[in-house]
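Observations on chain architecture
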Amino acid sequence: MSDKFIITPNGPLKGDVHISGAKNAVLPVLAATLLTGQQCLVQNVPNLSDVEAMCGLLESLGAGTRWDAVAGNLTVCAEGLDKHEAAYEWVGKLRASFLIIGPMLARLGRAKVPLPGGCAIGSRPVDLHLKGLAALGAEIEHAHGFISASASKLTGARIYLDFPSVGATESIMMAASLAQGQTILENCAVEPEIVDLANFLNAAGADIRGAGTDTVKINGTQTLRGVTHSVIPDRIEAGTFMVAAALTRGDIRLTNVMADHLKPVTAKLKEVNVSVAETEDGLRVFHDPCAEVIAADIKTMPYPGFPTDMQALFMSLMATAAGTSIITETVFENRFMQVGELKRMGAEIKIESRSAVIEGVAQLAGAQVNASDLRAGAALMLAALNAHGKTELHGAAHVDRGYCALDTRLNALGACVQRIS
Ligand code: UD1
């Protein structure tokens, strides 16, 4: 059974926090290490159960991994990549594992991968990944919960994505790196994690231009080489600590952050009267006691819009803001799983189609709640920091998927979060 957290409110959070490497950057980079038979060293790797699961998956395919979790260094050597079929046991653990399909196809000419698991936030199809691989010349079959892709050779193509899917952009970029000729990928995702993956691939010898814009050109090469790459800081983990400062009316300094990646979060915090200032080595988020936190409307959008991964966290903040906020989720169809649990804590929230209408209350009350997914779990933990009385948060495993020791790091800032195994 998963651990649980007991959270006792303990006043404003204050102090410094060092932000980890990005989960959503390291997972695609680890999938991309399968594109070369040479050793890759990935640095600034966060100590997450999702990373552990990804390593297990790579090893099950014949790759060797060595992870120094304390130093954040992870070596992968996929010289021995010899299996073209991924086991459900691994892929069922995290959705990002599906990203191995492009690299396996490009390296081995075939790949058989189960449909992915991951957070229960919507149906999360993979049709855009598959359309892209098919456009590069792969034959795709779907049977018994597995997707099989095969191609004697991949050929560059012009691909237009119906929606700027992060995962599909990554899948296609990886496969096209070893295709023959040029791929032009249009209406693709522009998230910082896409740029990080392109930087990794280019350092390994790929020729990718335009990552971070909606048109990416990939000139295929025959082989890629081993590389050392340090992943970017996690903008969602940074955003989580920023909301923690806002929610507890505290004062937190963040280091190892890219302020540019946090613009949509910073803008929204400023709009609700929370102060955010750039410092020499990061950001400071603090509360001005004369300015009450006020309601705001939020609509999630692909980057550089407001991130869907921050939606639940902001809902916790808006739950005790002055006034009525409307949060509209446009990216995933089922991402209000935290609402029922926040209501158990006394929040006043109504869901109307893809929007949640939140009437701010003076204070939430501690309760027994359940983390249904990663960000919902973090959102409930933050809500509990400022509630009246104790909260028992079940489903710690969801939180551990995407945060390195969130409980311990919040405690270092003055919180009182106890983990019960
Ligand atoms: C990634 C992030 C996740 C984040 C999301 C959106 C990783 C490991 N995860 O997920 O934290 O919330 O981006 O910023 O990086 N879709 C399709 N068909 C597809 C692929 C996606 O319809 O083939 C839909 C999805 O169901 C969803 C939307 O497109 O509604 C966005 O999904 P996508 O951008 O692909 O997100 P992920 O890569 O899964």
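Structure's up top.
What counts, and at which threshold
Residues numbered from 1 in each chain as written. Predicted model: local features only at pLDDT ≥ 70, side-chain atom pairs only at ≥ 80, totals over all residues. Heavy atoms only, no water. Helix = DSSP H or I, 4+ residues; strand = E, 2+ residues; numbered from the N terminus. Buried < 20%, exposed > 50% of the residue type's maximum accessible area, 1.4 Å probe, protein only. Contact = heavy atoms within 4.5 Å. Areas by Shrake-Rupley, 256 points an atom, 1.4 Å probe, with all protein chains shown as cover. Lys, Arg positive; Asp, Glu negative; His and termini not counted. Charge placed at Lys NZ, Arg CZ, Asp CG, Glu CD. Expected span 1.5 Å × (residues − 1). Polar contact = N/O pair within 3.5 Å; in protein donor to acceptor, adjacent residues only side chain to side chain. Near = heavy atom within 4 Å. 1 Å grid on protein atoms, 1.4 Å probe; cavity = no way out; pocket = protein on both sides within 12 Å on 5 of 7 lines; lining within 4 Å. Sits in = over half its atoms within 2 Å of the grid points. Core = buried A, V, L, I, M, F, W, Y, C linked by side-chain atoms within 4.5 Å. Phe/Tyr/Trp six-rings, centres within 6.5 Å; stacked < 30°, edge-to-face > 60°. Lys NZ or Arg CZ within 6 Å of the ring centre and 35° of its normal. Salt bridge = Lys/Arg side-chain N within 4 Å of Asp/Glu carboxyl O. Points joined across faces, edges and corners; volume = space filled by probe spheres on them. Nonpolar A, V, L, I, M, F, W, Y, C, P; charged D, E, K, R; others polar. Pairing = 2+ DSSP bridges. Axes fitted to C-alpha atoms, helices over the stretch in contact; angles between N-to-C directions.

On to the overall build of the protein chain. Looking only at helices and strands, the protein chain has 14 helices and 23 strands in total. Once the C-alpha set of the protein chain is aligned to its principal axes, its extents read approximately 65 × 45 × 40 Å. With 421 residues in all, the protein chain has 55% of them scored as buried. For the protein chain, the share of sequence-separated contacts (at least 6 apart) that also reach a separation of at least 24 residues comes to 73%. Counting only carbon and sulfur atoms, one obtains 48% of the accessible surface of the protein chain, whose full area is about 16100 Å². Of the side-chain charges in the protein chain, 35 are positive and 43 negative, and the distance between the mean point of each set is 2 Å.

Moving on, we get to helix H2 (residues 49-60). In an α-helix, one turn spans 3.6 residues, which is why side chains three or four residues apart end up on the same side. When the terminal C-alpha atoms of H2 are compared, their 16 Å separation across twelve residues agrees well with the 16 Å that a helix rising 1.5 Å per residue should span. Residues of H2 that are buried include every one of Asp50, Val51, Ala53, Met54, Cys55, Gly56, Leu57 and Leu58, and no others. Looking at the packing, one finds that the buried side of H2 touches helix H1 (23-32), strand E4 (64-68), strand E5 (73-77), helix H3 (88-91) and helix H13 (396-402). Following H2 by one or two positions, Gly62 has its phi on the positive side, about 110°.

This part takes up the side chain of Glu237. For Glu237, the location among the structural elements is in helix H8 (residues 235-247). A distance of 2.7 Å separates a polar atom in the side chain of Glu237 from a polar atom in the side chain of Arg409. Beyond its immediate stretch of four places on either side in the chain, Glu237 contacts His18, Ile19, Ser20, Tyr403, Cys404 and Arg409.

On to the site of the ligand, then. In the neighbourhood of the ligand, 18 residues make up the surrounding shell, with Asp127, Leu128, Ser165, Asp309 and Val331 lying closest. The separation between an oxygen atom of the ligand and a polar side-chain atom of Ser165 is 2.6 Å. Bound to the protein, the ligand loses 86% of the 740 Å² it would expose on its own. Given that more than half its atoms are within 2 Å of the pocket grid, the ligand belongs to the largest pocket. Elements with a contribution of two residues or more to the shell around the ligand: helix H5 (127-135) and helix H6 (166-177). Top contributing element to the shell around the ligand by residue count: H5, with three residues.

A word on the nonpolar core. With 76 residues, the main nonpolar core has Leu30, Leu34, Val51, Ile100, Ile101 and Leu201 as its most contacted residues. By residue number, the principal contributor to this core is H1, which donates seven residues. Once residues lying within four places of it in the same chain are set aside, the contact partners of Leu30 are Val42, Val51, Met54, Leu58, Leu74 and Val76. Ile236, Ala238, Ala246 and Leu313 belong to the second-largest nonpolar core, a separate cluster that totals 71 residues.

Two numbers describe a pair of aromatic rings. These are the distance of the centres and the angle of the planes. A full pass over the atoms with the stated rule returns one aromatic pair. With 5.0 Å between their ring centres and 90° between their planes, Phe306 and Phe314 make a pair best called edge-to-face. Between Lys112 and the ring centre of Phe146, over which it is positioned, the NZ or CZ distance is 5.0 Å. Geometry around Phe286 places Arg284 over its ring, the cationic atom sitting 3.8 Å from the centre.

The final tally for this structure, using the stated rule, is 16 salt bridges. A salt bridge links Arg419 to Asp3; its shortest N-O distance comes to 3.1 Å. One end of the pair, Arg419, is in strand E23 (residues 416-420); the other, Asp3, is in the segment before strand E1 (4-8), and 416 residues separate them in sequence. A salt bridge links Glu271 to Lys268, with the shortest nitrogen-to-oxygen separation between them at 3.0 Å. Taken as a pair, Glu271 and Lys268 lie in helix H9 (residues 263-271) at a separation of three residues, close to a single helical turn.

Another point: empty space enclosed by the protein. Rolled over the atoms, a probe sized like a water molecule indicates the empty space that remains. Considering all chains together, one arrives at two cavities of 30 Å³ or more under this definition. Looking at the largest cavity, its volume works out to about 50 Å³. As for the largest cavity, its lining consists of Ala22, Lys23, Asn24, Glu193, Asp234, Arg235, Ile236 and Arg375. At the level of secondary structure, the elements contributing two or more residues to the lining of the largest cavity comprise H1 and H8. Tallied by class, residues from the lining of the largest cavity come to two nonpolar, one polar and five charged. Here the second largest cavity defines a volume of roughly 30 Å³. What lines the second largest cavity is simply Pro233, Asp234, Arg235, Ala238, Val257, Met258, His261 and Leu262. Classifying every residue of the lining of the second largest cavity by side-chain character gives five nonpolar, one polar and two charged.

Overall, antiparallel pairing links the three strands, which are arranged E6-E8-E7 in an open sheet. Taken across any chain shown, the strands that pair with only one partner, and hence form the sheet edges, are strand E6 (110-114) and strand E7 (139-143). Strand-to-strand twist in this sheet, taken as the mean axis angle between neighbours without regard to direction, amounts to 15°. Contacts from helix H4 (residues 101-108) reach E6 and strand E8 (146-150) within the one sheet, and its direction differs from that of E6 by about 155°.

Everything listed here is a matter of coordinates, which is why it stays silent on function.
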